[in-house]
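Chains, contacts and geometry: an overview
Below are the chains, spelled out letter by letter.
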Amino acid sequence: LRDAAKIINKEYNQVTDLLSEMARRRVIKRLKSGKYLIIPQQMGSSAEYIGDWFVAAREVVNSPLYYIGFYSAMNFWGLLTQPLVRIYVATPKRQIVPRELRDKLTLVFVRKKSIWGIREEWVTQSQRVRISDLEKTILDALAHPEYCGGITEIAKAIWVAKNKINYQKMLQYVVRYEKNVVAKRLGYLLDIFGIDRLELRELLRSYVKDRYDAFDPTLKAKRVEKNRWRLIDNVGKKKILDIIRH
């Protein structure tokens, strides 16, 4: 609204009326209250156009501390074979997704102390957004499989990234993340894949306590296989290995 007011030099009510009319004619698209997206002429009057999804998400979130994460970050880092159909944004500010983006955007509340491991990445020729780096993306996924398609999707992602992961950084991140279940899920997956990083493995084993946790909390807690990580494996090694072989 401020930009439009400067350009046409009109009163507030006149500006809002004009933008409402332009949105009705689908010359622009409303992203949220007071913020609009210009629809390129070559797109016609597409009601679905929101430009670059990452940039649109950045403009909707009411916090400079946001970051693109979870399934969306996995997509950015080339860890998925499925098309991106929803943007996941971590934010320390609780807010409601605007009606215009409810089918495309999920806001995940995180505490400020959890906002680290972030990179500014170019997603268009002129726009950058905040995205969790590879190692933080993997740990976030293991903490919240529900935002990443479940453990099988995360397993595939780790397998794809196994030669790109900075394991020393991962070790430092595990310590900073400080969540037993994340360390256990990572350790179990590295075991399944035969990825033997001694220092990291020893650290991960130190997080195994008395408590049992679900390997994949998005599935029923029916144990398929035993393991030494005190995880209720409700997926099974065979299924994970079969998925990565295909």
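Residues numbered from 1 in each chain as written. Predicted model: local features only at pLDDT ≥ 70, side-chain atom pairs only at ≥ 80, totals over all residues. Heavy atoms only, no water.

1. Topic: the side chain of D213
Turning to its location among the elements, D213 is positioned in strand β8 (residues 213–214). On the accessibility criterion, D213 (10% relative accessible area) is buried. Within the local environment of D213, its side chain forms a polar contact with the side chain of K184, the two groups lying 2.8 Å apart. Apart from residues no more than four positions distant in its own chain, D213 is found in contact with V181, K184, R230, L231 and I232. (Helix = DSSP H or I, 4+ residues; strand = E, 2+ residues; numbered from the N terminus. Buried < 20%, exposed > 50% of the residue type's maximum accessible area, 1.4 Å probe, protein only. Polar contact = N/O pair within 3.5 Å; in protein donor to acceptor, adjacent residues only side chain to side chain. Contact = heavy atoms within 4.5 Å.)

2. Some details on the nonpolar core
Grouped together as the largest cluster of nonpolar side chains are 53 residues, with contacts concentrated most on L139, L142, V174, L186, L189, F193 and I240. Every element with two or more residues in this core is listed here: α4 (70–76), β4 (87–91), α5 (134–143), α6 (151–161), α7 (167–177), α8 (180–193), α9 (198–205) and α10 (237–245). No other element matches α8, which puts nine residues into this core. Not counting chain neighbours up to four residues away, the residues in contact with I240 comprise I151, A155, L189, I192, F193, F215 and V235. Counting 20 residues, the second-largest nonpolar core is a separate cluster that includes L31, Y66, I68 and L105. (Core = buried A, V, L, I, M, F, W, Y, C linked by side-chain atoms within 4.5 Å.)

3. A look at the side chain of S63
Its location among the elements puts S63 in the loop between α3 (53–60) and β3 (67–68). Judged by its relative accessible area of 11%, S63 falls in the buried class. In terms of polar contacts, S63 uses its side chain to reach the backbone amide nitrogen of L65, at 3.1 Å. Sequence-distant contacts of S63, defined by excluding residues within four places in its chain, comprise T91, P92 and K93.

4. Details of the packing of aromatic side chains
Evaluation of the coordinates by the stated rule reveals eight aromatic pairs. Ring geometry for Y88 and Y147: centres 5.9 Å apart, planes at 45°, overall tilted. In this pair, Y88 sits in strand β4 while Y147 sits in the loop between α5 and α6, placing the two residues 59 residues apart along the sequence. In this structure Y88 comes out as buried when scored by relative accessible area, which is 13%. What makes Y147 partly exposed here is its relative accessible area of 23%. Residues W159 and F193 carry aromatic rings whose centres are separated by 5.2 Å and whose planes lie at 50° to one another, so their mutual orientation is tilted. Of the two residues, W159 sits in helix α6 while F193 sits in helix α8, which places them 34 residues apart along the sequence. With a relative accessible area of 27%, W159 lands in the partly exposed category. Here a set of aromatic residues connected by ring pairs shows up, and it is made of F54, F76 and W77. In this structure, R130 packs its charged tip against the face of Y66, placed 6.0 Å from the ring centre. Sitting above the plane of the W116 ring, K136 keeps its charged end 4.9 Å from the centroid. (Phe/Tyr/Trp six-rings, centres within 6.5 Å; stacked < 30°, edge-to-face > 60°. Lys NZ or Arg CZ within 6 Å of the ring centre and 35° of its normal.)

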